Amino acid sequence: MKKIILTVAAVFAFGFANAQDGQFKVGAHVGLPMGDIKDGSSLNLGADVAYLWNVTDKFKAGTTTGYSSYLGKTVKEDVNFGGFGSFGSIENKTDASGFIPVAATAQYSLSDKFFVGTDLGYAIYVGKGEGDGGVYYQPKFGYQTEKIELYAGYKGISVDGATFSSLNLGFNYKF
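Residues numbered from 1 in each chain as written. Predicted model: local features only at pLDDT ≥ 70, side-chain atom pairs only at ≥ 80, totals over all residues. Heavy atoms only, no water.

A. How the structure looks around the overall build of the protein chain. Counting its regular elements, the protein chain contains one helix and ten strands. Taken from N to C terminus, the helices and strands of the protein chain fall in the order α-β-β-β-β-β-β-β-β-β-β. Burial analysis of the protein chain (175 residues in total) assigns 36% to the buried set. Taking the intrachain contacts of the protein chain between residues at least 6 apart in sequence as the baseline, contacts between residues at least 24 apart amount to 55%. Counting only carbon and sulfur atoms, one obtains 63% of the accessible surface of the protein chain, whose full area is about 10000 Å². (Helix = DSSP H or I, 4+ residues; strand = E, 2+ residues; numbered from the N terminus. Buried < 20%, exposed > 50% of the residue type's maximum accessible area, 1.4 Å probe, protein only. Contact = heavy atoms within 4.5 Å. Areas by Shrake-Rupley, 256 points an atom, 1.4 Å probe, with all protein chains shown as cover.)

Structure (structure tokens):
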């Protein structure tokens, strides 16, 4: 995993040092878990870093990474003994699941203020215990100024047997 992180860091450093007409972004996101994980996760929180090159006046493409965590949730389960009824409940706390996405990103400006974009790549599992990474995707729609972006997006990470997904709001600061 160290090799993957070092490779991503090298790509960003090379791109940032050699780009003549690009944009560096740093941001954060918060989201509501959906689908397969909504019962075991309470919130999705994370940080994002991206570098985009201008392909045309309205279209940018680049790379993105960061960290995204699906926070665990405390779940109460009733203890039943067949026909004898319920004898209270047990609380189970699920562990947080963390991922580092390594992805391509693209953004198209619909106007000076609004854009659509998408991220597509692979998310590396870095949570507690055993886990798998999976295909990472995030379509998004947002509002932009010269220095900031606000966006809404649907994030999905498809792993064996399940999908970690959330409806997110995010903020990026552009350098």
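B. Local environment of the pattern of salt bridges. Across all of its chains, the model carries two salt bridges by this definition. With a shortest N-O distance of 3.0 Å, Glu149 and Lys25 are connected by a salt bridge. Placement of the pair is Glu149 in strand β9 (residues 148-159) and Lys25 in strand β1 (residues 22-34), with a sequence separation of 124 residues. In terms of burial, Glu149 and Lys25 fall into one category: buried. The shortest N-O distance in the salt bridge between Asp119 and Lys140 comes to 3.4 Å. Of the two residues, Asp119 sits in strand β7 (residues 114-125) while Lys140 sits in strand β8 (residues 134-144), which places them 21 residues apart along the sequence. The same class applies to Asp119 and to Lys140, which are both buried. (Salt bridge = Lys/Arg side-chain N within 4 Å of Asp/Glu carboxyl O.)

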